[in-house]
Amino acid sequence: MTTERRRLTDHDIERFLRARGKDPDPALWSDVMAAAGSTAQRAGGWARWSARRHVFAIVVTALLVVVMASAIGIGVGLIRPVPPAPAPTVDRSLTSDALNFDRPFSYAIPTDSGLVLDRASPAVYLFEGVDRGVRVIAIRPGTGTFSCGTGRGGASTVITGTAPEILNNLRVIGGVGIAAESRGTLDAREALIADIDPRRHSCEHPELLVPGTQAFIGHVSLDMPARLVLADVEGLIVAVQIWTTRPEDLEAWIPTATEFVETIHFHGEVADFAVPFTYAISSDSELRLEMTSTAQYRFGALGPGRVAVDRGVVVFAVRSAAQFHACEVRSDITGSSEEVFEKLHGLSRWVGSRTPTTLASYPALVADIDSSTSTCGFDIHVVKGPSIPQNYVPFEGRSRLILADVQGIVVGVQIWAEEPDELDAWLPTAMDFVESIEFSGD
C-alpha cells in the first residue's frame, strides 16, 4: 500500500518563507525536500532546465531561510543587555601603612580602581586616578578657609572644631555648597557625611588651608564635586574627600572609592594606660572605644537595634591594688600572670583550665570563664574603691580571659558577649582586634 504525498503549493512555500524568523517546521521542510526530489521532468531540453531551475530555486530558498534564521538568532544574542563589570576587588594582602600621617592608618587599594598614592605628608594623603581620587586630610588645629569677603589673596579664617562645626563653617565662611548631609562611619567611628556641589557655591574657589604644610599639598581644593566624610579619630577630626572633576562622574565613582575607604584602619594610640599600646579597629567588628582610664580601656559594639552594647573587649591592668570580688568578698590577686590565674581558679569554680597563648608576642595564658549559672557573679577590681564602672571589670555570662606579663605589669584582655550562646560567634572577630594590639617600647 502506498501513500500519496499531497501536492506542495505556492501557499505552502509562502508559509515556509514567513516562518524564516524561527526554526523551520519539520513537516514543511520534508515536503520541500520531497518536492525537490520528485518533481516530474518534461520533454525537451528547455523544459528539463526549467524544472531543474524550479527545484534548484526551492532548495536555495530553503537554505537561505535556515541561514537567515541563524543570523537572526545571533543578532538577538548580540543586542542582549551586557551584565555590568564586576566591582573592583581588594587584595588585602597588599595592605600599606601611612605611618607618618597625624593619625597613622593602613589601607588597601582596590586592584581595578585606578588609584595610586600620588602625594603623602603628615597632614594629607592623596590617592589619585584619572579625573578622580580620594584624599585623607588631618584637620589640624588652626585649619582654615578663605572667607567670601576676603578672597583668595587675603588671610584665612579658622574653621576647626567638631565635625558639625567644621561643616557649618565651610558653608557659612567658605561659601561651600553643601547638597546633602547624612550620618555614617569611618573605621567604625561615627562620621558626618556631606555631598559638595560646586554649582551651589556662594564663593569662588573654596579650599581648606591646613597649617604646617606646603602650599601645593596643604591647600586642598573644595571646588570640585565631592563627598566629604568627617570623623573624630583620637581627638583629631580626619576628613576623607572622595572627588571627581565632573559632576556627572561622582555618583559612579563613589562605590569604588567607598570600597577603598572601607579598607582604612587607624592605629589608635593609648598613651595613658599602664602600658601604652596601639590598636586597629576593623570596620567589620563595629567596635568603638567606650571608656578609658589608666587601668582599663573598654571597647564595645552595639547589638540588634543599635541601642545597647552587647559584646566587647576590655584591656585592663592587674596592678598591686587589684582584687577579686565575688559575693561581697574581696581577695587580693597580685603576682605574675600565672599566679593571678592560679588565685582566680582557686577562688571561683567558674574559671576554666588555662592554656598557653601569646598577647602581642608576649607569652600569655588563656582560659574560658562561665558564670552564667552563678547567683552572684564576680568581677576584678583594677582600682580599690567604690564599685563604679571605671574601677572594675565585670565577668557575667561567658567570656574569655587572656593574661600576660608585659614590661613588668600583668595585662588582661577580656572578650565578652552578653548572651552566652553568642560568644563563640564573636570570638574570631574579637581576636582580630586583640591581635592588632602592639605595646609601646617593644
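Note that the structure is a prediction, hence the values are computed from the model and not measured. (Residues numbered from 1 in each chain as written. Predicted model: local features only at pLDDT ≥ 70, side-chain atom pairs only at ≥ 80, totals over all residues. Heavy atoms only, no water.)

J.: What exactly am I supposed to notice about the sheet that holds strand 27 (residues 438-439) here?
T.: What holds strands together in a sheet is hydrogen bonding between their backbones, with the strands either parallel or antiparallel. Strand order in the open sheet formed by five strands is 1-2-14-15-27, and the pairing between neighbours is antiparallel. Bordering the open sheet on either side are strand 1 (96-98) and strand 27, each of which pairs with just one other strand. Inspection of the sheet shows strand 2 (residues 105-107) paired to strand 14 (residues 265-270) by two bridges, in the antiparallel sense. Of the residues in strand 14, the one forming a bridge with F105 is F266. (Pairing = 2+ DSSP bridges. Helix = DSSP H or I, 4+ residues; strand = E, 2+ residues; numbered from the N terminus.)

J.: What is the right way to look at the sheet that holds strand 22 (residues 362-370) in this model?
T.: Here we have seven strands laid out as an open sheet, ordered 16-17-18-26-25-22-21, and antiparallel in their pairing. Lying at the two open borders of the sheet, with one neighbouring strand each, are strand 16 (288-292) and strand 21 (355-359). Between one strand axis and the next, the sheet turns through 25° on average, direction left out of account. Where strand 22 lies against strand 25 (residues 398-406), seven bridges are found, and the strand directions are antiparallel. Residue pairing for strand 25: I369 is matched across the bridge by S399. The strands touched by helix 7 (residues 337-347) within the sheet are strand 18 (309-318), strand 22, strand 25 and strand 26 (409-417), with strand 25 carrying the most contacts at an inclination of about 150°. Contacts from helix 8 (residues 423-434) reach strand 17 (296-302), strand 18, strand 21, strand 25 and strand 26, with the element oriented near 140° to strand 26. (Axes fitted to C-alpha atoms, helices over the stretch in contact; angles between N-to-C directions. Contact = heavy atoms within 4.5 Å.)

J.: Mind showing me how you'd approach the environment of Y279 here?
T.: Following the sequence through the fold, Y279 ends up in strand 15 (residues 277-280). Taking the relative accessible area as the measure of exposure, Y279 reaches 1% and is therefore buried. Sequence separation of Y279 and S436 is 157 residues, and the distance between their C-alpha atoms is 5.3 Å. A distance of 2.9 Å separates the side chain of Y279 from the side chain of E234, its partner in a polar contact. (Buried < 20%, exposed > 50% of the residue type's maximum accessible area, 1.4 Å probe, protein only. Polar contact = N/O pair within 3.5 Å; in protein donor to acceptor, adjacent residues only side chain to side chain.)

J.: Help me understand the pairing of strand 26 in this model?
T.: The two faces of a sheet get side chains in turn, since along a regular strand they alternate between them. Extensive coverage of strand 26 is indicated by the burial of eight of its nine residues. Note that strand 18 and strand 26 share eight bridges and pair antiparallel. The residue bridging V315 from the neighbouring strand is V413, located in strand 26. Adjacent in sequence and paired antiparallel, strand 25 and strand 26 are bridged by two residues, among which Q407 carries a positive phi angle near 50°.

J.: Just to check I follow, could you spell out the pattern of salt bridges for this structure?
T.: Pairing between side chains of opposite charge can happen when the charged atoms of each approach one another. Scanning all chains against the criterion turns up 15 salt bridges. A salt bridge links R246 to D249, with the shortest nitrogen-to-oxygen separation between them at 2.8 Å. We classify D249 as buried; its relative accessible area is 12%. Residues joined by salt bridges that share partners form a network here, namely D187, R189 and E234. (Salt bridge = Lys/Arg side-chain N within 4 Å of Asp/Glu carboxyl O.)

J.: What is the right way to read helix 8 from this model?
T.: Note on helix geometry: an α-helix contains 3.6 residues per turn, so any two residues three or four positions apart are oriented the same way. Among the residues of helix 8, those classed as buried are L423, W426, L427, A430, F433 and V434. The buried residues of helix 8 occupy an angular sector of 125° when projected down its axis, which confines them to one face. Of the exposed residues in helix 8, those oriented more than 90 degrees away from the buried face are A425 and D432. Close packing links the buried residues of helix 8 with strand 15, strand 17, strand 18, strand 21, strand 25 and strand 26. (Arc of directions from axis to C-beta.)

J.: For this particular structure, what's the right way to read a negative patch on the surface?
T.: There is a patch of like negative charges on the surface, built from E396, E418, E419, D421 and E422. In this fold, D421 is placed in the loop between strand 26 and helix 8. (Patch = residues over 30% accessible without salt bridge, like charges linked within 9 Å, V, L, I, M, F, W, Y side chains within 5 Å. Areas by Shrake-Rupley, 256 points an atom, 1.4 Å probe, with all protein chains shown as cover. Lys, Arg positive; Asp, Glu negative; His and termini not counted. Charge placed at Lys NZ, Arg CZ, Asp CG, Glu CD.)

J.: Sorry if this is basic, but what is going on with the packing of aromatic side chains here?
T.: Aromatic ring pairs are described here by two measures, namely the spacing of the ring centres and the angle between the planes. On inspection of all chains with the given rule, the structure shows 20 aromatic pairs. Pairing F324 with F378 gives two aromatic rings, centres 5.1 Å apart and planes at 40°, and the pair type is tilted. Taken together, the positions of F324 in strand 19 (residues 323-326) and F378 in strand 23 (residues 378-381) put the pair 54 residues apart, joining distant regions of the chain. Both residues of the pair, F324 and F378, belong to the buried class. Against the face of W426 rests R311, its NZ or CZ located 5.2 Å from the ring centre. (Phe/Tyr/Trp six-rings, centres within 6.5 Å; stacked < 30°, edge-to-face > 60°. Lys NZ or Arg CZ within 6 Å of the ring centre and 35° of its normal.)

J.: Can you walk me through the pairing of strand 16 in this structure?
T.: Relative to strand 17, strand 16 runs antiparallel, the two being bridged by four bridges. Paired with R288 across the strands is G300, a residue of strand 17. The antiparallel hairpin formed by strand 16 and strand 17 contains three residues in its connecting segment.

J.: Explanation requested: the confidence of the model for the protein chain in the structure shown.
T.: The predicted structure's coordinates, where accompanied by low pLDDT, should not be read in detail. Mean pLDDT over the protein chain: 81, with 77% of residues reaching 70 or higher. Here residues 1-6 is a poorly scored stretch, pLDDT under 50, and it has six contacts once near neighbours within four places are set aside; other chains count. Considering only residues more than four positions removed or in separate chains, one finds that residues 35-88, a stretch of pLDDT under 50, has 28 contacts. (pLDDT = per-residue confidence, 0-100.)

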